[in-house]
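Residues per chain are reported as follows:
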There are 2 protein chains.
Amino acid sequence: MARYEQIASDLRDAIVRGGYPIGAQLPSEAELALRYSAARGTVRQAVALLAAEGLVGSRQGARRIVLGSERSQSFAELHSFAQWARSMGYRASGTVLSSQRRPCSPSEAVRLSLEPGEEVLDVLRLRRLDGEPVLVERTVYAGWIAPAVERLDPGCESVTQELYESVGLVFAYGEHLIDAVAAGSEDARLLGVRRGSPLLRQRRVTTTQEGRPVESSDDRYRAGSVTFSIRNSTAANPLVRRAGD
Amino acid sequence: MARYEQIASDLRDAIVRGGYPIGAQLPSEAELALRYSAARGTVRQAVALLAAEGLVGSRQGARRIVLGSERSQSFAELHSFAQWARSMGYRASGTVLSSQRRPCSPSEAVRLSLEPGEEVLDVLRLRRLDGEPVLVERTVYAGWIAPAVERLDPGCESVTQELYESVGLVFAYGEHLIDAVAAGSEDARLLGVRRGSPLLRQRRVTTTQEGRPVESSDDRYRAGSVTFSIRNSTAANPLVRRAGD
DNA sequence: AGCTCTGGCTTGTTTGTACAAGTTCGCCTA
DNA sequence: TAGGCGAACTTGTACAAACAAGCCAGAGCT
């Protein structure tokens, strides 16, 4: 673990534990540098990490301010339903309802950087939190990873983790589109809600470290079961609003 | 404009214009430093900016990779419906349907850091894109900014911009919670949809540069009109999934 | 042909220095 | 008392240097 990560982690703990309540000022960079016997540049990297997490804000000339005190989750917990559920103290389970190979559609070819007509693996999964059905996941895997996915146990908890352990596949980047849709008849049946009732939809494309697309997924959460949360600032602005399709 | 921002802007333009297509390698830091006659540290600040925007990814030892080529919008465009609409080429309009002072509820007192029972301003607005009703906005303003809000023109396009010009108020930080809800009868009537149909809800709290909360808002978008978009990576992870209320 | 290994390239981390720019607060003055 | 001024403090930007760690392609070997 790098020195600046240690310092960031130490400060984050202090904030989460209430040592620096919301609205309080953080010590100056010079003071932190002295306290941790590090150069000012190293301390700046540490607080930049906290700023990216939305925990602290800063303005030139003034002390840094604590903006929030909730620990933000890791990348893995955003991409893996099971890992997220575990970290929240829920028991996650899942079932593969169908799984079949087929040639990819033109739009999928673009999203996954495939040749038109190349084979993909189409998987439908139902996910549960503490036994309650919460999420319908329709995932399209690129052909080159399909064999490894097909080898997975149908009741497998964490696909992400299994793929890492079996073939060393690491998800590294993701793009996510979030909107609301009405439940179709299949969604309604699986989630146990009425047709037309609101669902939170997350469409995502995930790629490896090399930027190679692995999967494209359409996840639909039962309303009330999940909320997405973001902190942004004039400096860091990850969330973007787009016009509907 | 800082040197590293110039470099970032230059590289971003090149990426957006297709000079570096998705999947391509960026020049090495040393080469960029030479090209721009800047120190390597300065170049690193520039590419860190692009990485935060999700445009490029990096791994130690390998060249940086272009991951996306869409320009992400500014903070203002996320917080201000009007400024976002304008940048997307839409014509935005809005109407204040009601506006009244009342004592704040206990939960609002916490969210806006107010004394229990302190006065707040409650505003209901309907927003349109090219004439079409798209968004119902229920905003609660802290008492100290209420007079300035009440002085605004009821048909005012951009509240954010007007507040900046009239009292110099700058929104600097925001927290956003995104989920899906069914349209209530008021929502349905205003947006011209059926009761119970899906809406995309964005609840947000916005604060000033000093970390002082200004407004708390519940915005509901008609399904299909707006999508939120995010890019994340193992390094930068702004988006968080949370359990429902 | 296929494999390993190594050397050079590239990004990651840390330190040190210097100056610019903005904030804060006390002091002085009108 | 109210306002203006300035000094001290704090964050932002930029440069330079050095080493660590990981990647990659080409040389050489089997």
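Cut-offs and rules
Residues numbered from 1 in each chain as written. Chains lettered and ligands numbered in written order. Predicted model: local features only at pLDDT ≥ 70, side-chain atom pairs only at ≥ 80, totals over all residues. Heavy atoms only, no water. UniProt positions renumbered as here; feature names shortened; annotations may be inferred. Helix = DSSP H or I, 4+ residues; strand = E, 2+ residues; numbered from the N terminus. Contact = heavy atoms within 4.5 Å. Salt bridge = Lys/Arg side-chain N within 4 Å of Asp/Glu carboxyl O. Nonpolar A, V, L, I, M, F, W, Y, C, P; charged D, E, K, R; others polar. Near = heavy atom within 4 Å. Domains from an automatic or database assignment. Phe/Tyr/Trp six-rings, centres within 6.5 Å; stacked < 30°, edge-to-face > 60°. Buried < 20%, exposed > 50% of the residue type's maximum accessible area, 1.4 Å probe, protein only. Lys NZ or Arg CZ within 6 Å of the ring centre and 35° of its normal. Core = buried A, V, L, I, M, F, W, Y, C linked by side-chain atoms within 4.5 Å. Polar contact = N/O pair within 3.5 Å; in protein donor to acceptor, adjacent residues only side chain to side chain. Least-squares fit on C-alpha atoms with pLDDT ≥ 70 in both. Pairing = 2+ DSSP bridges.

- Per an unreviewed UniProt entry, chain A goes by the name GntR family transcriptional regulator and belongs to Microbispora bryophytorum.

### Quick notes on the UniProt feature "domain: HTH gntR-type" (unreviewed entry) in chain A
Step number 1: Cross-referencing UniProt, the feature "domain: HTH gntR-type" (unreviewed entry) maps to residues 1-69 of chain A in the present numbering.
Step number 2: Helix makes up 51% of residues 1-69 of chain A and strand 13%. Its end C-alpha atoms lie 23 Å apart.

### Re the interface of chain A and chain B
Step number 1: Taken residue by residue, the interface counts 61 residues in chain A and 61 residues in chain B.
Step number 2: For the pair chain A and chain B, the number of links is four salt bridges.
Step number 3: A salt bridge links Arg59(B) to Glu210(A); the nearest nitrogen and oxygen atoms lie 3.6 Å apart.
Step number 4: Listing elements by their share of the side of chain A that touches chain B, those giving two or more residues are strand 1 (56-59), helix 4 (75-79), helix 5 (81-87), strand 6 (173-182), strand 7 (198-207), strand 9 (226-233) and strand 10 (240-243) of chain A.
Step number 5: Top element by residues in the side of chain A that touches chain B is strand 6 of chain A. It accounts for ten residues.
Step number 6: Across the side of chain A that touches chain B, the residue classes break down as 28 nonpolar, 22 polar and eleven charged.

### Some words on the protein's contact with DNA strand D
Step number 1: Taken together, 22 residues are adjacent to DNA strand D, and Arg40(A), Ala62(A), Arg63(A), Arg3(B) and Thr42(B) come closest.
Step number 2: Contributing elements (two or more residues each) for the surface near DNA strand D: helix 3 (40-52), strand 1 and strand 2 (62-66) of chain A together with helix 1 (3-16) and helix 3 (40-52) of chain B.
Step number 3: Looking at the surface near DNA strand D residue by residue, the class counts come to six nonpolar, seven polar and nine charged.

### With respect to the domain arrangement of chain A
Step number 1: Domain annotation of chain A identifies domain 1 (3-66) and domain 2 (75-222).
Step number 2: Its C-alpha centre places domain 1 of chain A at a distance of 37 Å from the equivalent point of domain 2 of chain A.

### Describing the packing of aromatic side chains
Residues and elements named next belong to chain A.
Step number 1: Overall, the coordinates contain four aromatic pairs over all chains when judged by the stated rule.
Step number 2: Arranged with centres 5.8 Å apart and planes meeting at 50°, the rings of phenylalanine 81 and tryptophan 84 form a pair that is tilted. You can see phenylalanine 81 and its partner tryptophan 84 sitting in helix 5, three residues apart, about one turn around the helix.
Step number 3: Taking the relative accessible area as the measure of exposure, tryptophan 84 reaches 0% and is therefore buried.
Step number 4: When the centroid spacing of 6.1 Å and the interplanar angle of 80° are considered together, the rings of tyrosine 221 and phenylalanine 228 count as edge-to-face.
Step number 5: Residue tyrosine 221 is classed as buried on the basis of its relative accessible area of 0%.
Step number 6: Geometry around tryptophan 144 places arginine 212 over its ring, the cationic atom sitting 4.1 Å from the centre.

### Looking at the nonpolar core
Step number 1: Among the nonpolar cores identified, the biggest contains 28 residues, and Phe81(A), Tyr221(A), Phe228(A), Phe81(B), Tyr221(B) and Phe228(B) are the most heavily contacted of them.
Step number 2: The set of elements that each furnish at least two residues to this core consists of helix 5, strand 5 (132-142), strand 6 and strand 9 of chain A together with helix 5 (81-87), strand 5 (132-142), strand 6 (173-182) and strand 9 (226-233) of chain B.

### Overview of the protein's contact with DNA strand C
Step number 1: As a matter of local geometry, DNA strand C sits amid 23 residues, with Arg3(A), Thr42(A), Glu29(B), Arg40(B) and Arg63(B) nearest to it.
Step number 2: Across the atoms of DNA strand C situated within 4 Å of the protein, the share located in sugar and phosphate is 71%.
Step number 3: In the environment of DNA strand C, a phosphate oxygen lies 2.5 Å from a nitrogen or oxygen atom belonging to the side chain of Thr42(A).
Step number 4: Separating a base nitrogen of DNA strand C from a side-chain N or O atom of Arg40(B) is a distance of 2.7 Å.

### Quick notes on the relation of the copies chain A and chain B
Step number 1: Once chain A has been moved 0.0 Å along the axis and rotated by 180°, it coincides with chain B to within an RMSD of 0.1 Å. Accordingly, the operation relating the two chain copies is best matched by a two-fold axis. Residue Pro198(A) of chain A places its C-alpha closer to the rotation axis than any other residue of that unit, at 2.1 Å.
Step number 2: When the interface residues of chain A are mapped onto chain B, 100% of them again lie at the interface, so the same face is used by both copies.

### Looking at the pairing of strand 9 of chain A
Step number 1: In terms of residue burial, strand 9 of chain A counts as a mostly covered element, since eight of its eight residues are buried.
Step number 2: The alternating pattern of strand 9 of chain A places Val226(A), Phe228(A), Ile230(A) and Asn232(A) and Thr227(A), Ser229(A), Arg231(A) and Ser233(A) on opposite faces, both of which are buried.
Step number 3: The sheet contact formed by strand 9 of chain A and strand 6 of chain B spans six bridges and is antiparallel. Its bridge partner being in strand 6 of chain B, Ser229(A) is matched across the sheet by Leu177(B).

### Structural notes on the pattern of salt bridges
Residue and element names in this part refer to chain B.
Step number 1: Taken as a whole and judged by the stated rule, the model has 47 salt bridges over all chains.
Step number 2: In this structure, glutamate 137 engages arginine 125 in a salt bridge whose closest nitrogen and oxygen atoms are separated by 3.0 Å. Taken together, the residues span a long stretch of sequence, with glutamate 137 in strand 5 and arginine 125 in strand 4 (residues 119-129) at a distance of twelve residues. Each member of the pair, glutamate 137 together with arginine 125, is buried.

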